[in-house]
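A closer look at the structure
So the chains spell out like this:
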Amino acid sequence: GQNIDQPTEMTATEGAIVQINCTYQTSGFNGLFWYQQHAGEAPTFLSYNVLDGLEEKGRFSSFLSRSKGYSYLLLKELQMKDSASYLCAGLMNRDDKIIFGKGTRLHILP
Amino acid sequence: ETGVTQTPRHLVMGMTNKKSLKCEQHLGHNAMYWYKQSAKKPLELMFVYNFKEQTENNSVPSRFSPECPNSSHLFLHLHTLQPEDSALYLCASSQASGGSYEQYFGPGTRLTVT
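Figured I'd write up the structure that's included with this text. (Residues numbered from 1 in each chain as written. Chains lettered and ligands numbered in written order. Predicted model: local features only at pLDDT ≥ 70, side-chain atom pairs only at ≥ 80, totals over all residues. Heavy atoms only, no water.)

Moving on, we come to the interface of chain A and chain B. With 15 residues of chain A in contact, the opposing surface of chain B contributes 21 residues. Both sides together, the interface formed by chain A and chain B hides about 1,400 Å², and carbon and sulfur atoms give 60% of it. Across the contact surface, chain A and chain B share zero salt bridges. For the interface between chain A and chain B, the tally reads two residue pairs in polar contact (both at pLDDT 80 or more). Of all the secondary structure elements, the ones that give two or more residues to the side of chain A that touches chain B are strand 4 (29–37), strand 5 (44–49) and strand 10 (98–100) of chain A. Of the residues forming the side of chain A that touches chain B, the biggest block, three residues, is contributed by strand 4 of chain A. (Contact = heavy atoms within 4.5 Å. Buried area = accessible area lost by both parts, 1.4 Å probe. Salt bridge = Lys/Arg side-chain N within 4 Å of Asp/Glu carboxyl O. Polar contact = N/O pair within 3.5 Å; in protein donor to acceptor, adjacent residues only side chain to side chain. Helix = DSSP H or I, 4+ residues; strand = E, 2+ residues; numbered from the N terminus.)

Glancing now at the sheet that holds strand 3 (residues 18–24) of chain A. Residue and element names in this part refer to chain A. The antiparallel open sheet is built from five strands, whose spatial order is 1-3-8-7-6. This sheet does not close on itself; its edge strands, each paired only once, are strand 1 (4–5) and strand 6 (53–57). Pairing between strand 1 and strand 3: two bridges, direction antiparallel. From the neighbouring strand, I4 faces strand 3, where its bridge partner is Y24. (Pairing = 2+ DSSP bridges.)

With that settled, consider the state of the cysteines. Under the definition given, this model contains two disulfides over all chains. The side chain of A:C22 participates in a disulfide bridge whose partner is A:C88; the two sulfur atoms lie 1.9 Å from each other. Between A:C22 and A:C88, the disulfide has an S-S torsion of -70 degrees and is therefore left-handed. Of this pair, A:C22 sits in strand 3 while A:C88 sits in strand 9 (residues 84–92), and the two are 66 residues apart along the sequence. A residue is classified by how much of its surface remains accessible, and A:C22, at 0% relative accessible area, is buried. Covalent S-S linkage joins B:C23 and B:C91, the inter-sulfur distance amounting to 1.9 Å. Across the disulfide from B:C23 to B:C91, rotation about the S-S bond amounts to roughly -75 degrees, and the bridge is consequently left-handed. Note that B:C23 is positioned in strand 3 (residues 18–25) and B:C91 in strand 9 (residues 87–94), a separation of 68 residues in sequence. Taking relative accessible area as the criterion, B:C91 reaches 0% and is therefore assigned buried. This cysteine, B:C68, is not joined by any disulfide, and B:C91 carries the nearest cysteine sulfur, 9.1 Å off. (Disulfide = S-S within 2.5 Å. Buried < 20%, exposed > 50% of the residue type's maximum accessible area, 1.4 Å probe, protein only.)

Attention now goes to the environment of B:A31. Residues and elements named next belong to chain B. Within the secondary structure, A31 is located in strand 4 (residues 31–37). Distance in space between the C-alpha atoms of A31 and K52 is 7.6 Å, their sequence separation being 21 residues. Sequence-distant contacts of A31, defined by excluding residues within four places in its chain, comprise Y49, N50, A92, S93, S94, Q95, A96 and S97.

Residues and elements named next belong to chain A. What the rule picks out here adds up to 16 aromatic pairs over all chains. Relative to Y48, the ring of F33 lies with its centre 4.4 Å away and its plane at 40 degrees, an arrangement referred to as tilted. Taken as a pair, F33 in strand 4 and Y48 in strand 5 lie far apart in primary sequence, 15 residues in all. Each member of the pair F33 and Y48 is classed as buried. (Phe/Tyr/Trp six-rings, centres within 6.5 Å; stacked < 30°, edge-to-face > 60°.)

This is the structure:
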């Protein structure tokens, strides 16, 4: 089956920058989503990349390399409220299904 | 109400019970989804409805039975569940199914099967 891999947990310091990586099998995926999920809450959409390159949205940026099966979410000027799980999800071009990774739990230290 | 709402937020049921989860979206979307989120596992797609028609059943056991009476409402009927079915059940909606449409999630129902 299709795999989406991302680190289980990461820790970073308030005010710093953190990069959360996501890798996937290159065949079959059409684009990459990133969602944020705070503990006990619903996932919320952050970004969708279908073309190679970096897309910036305020403090958050998302990068995609289709040939390498690689994406990352870059969070700048970290705030305590950024402590959450970050879910990488691939859009399959065969049937338009979205396959989620297990998520990366990000801990922000003061 | 705005966005996607789900009721109940928490549910404890025995293995012989029958219960239903309800989801309502107030966004004018045409596609609705049920997902299962278990600890340390990826979010798993269960069912997809597009314009009230089921377009995806992701090999879900028959003890889970979805119902979509209209584009705004989605139900998940539960019967003779197993303890391993305990999880967070999330409903989502999007403008249409598939493609790059952003999905809006509800807060989920935390289900415990005893």
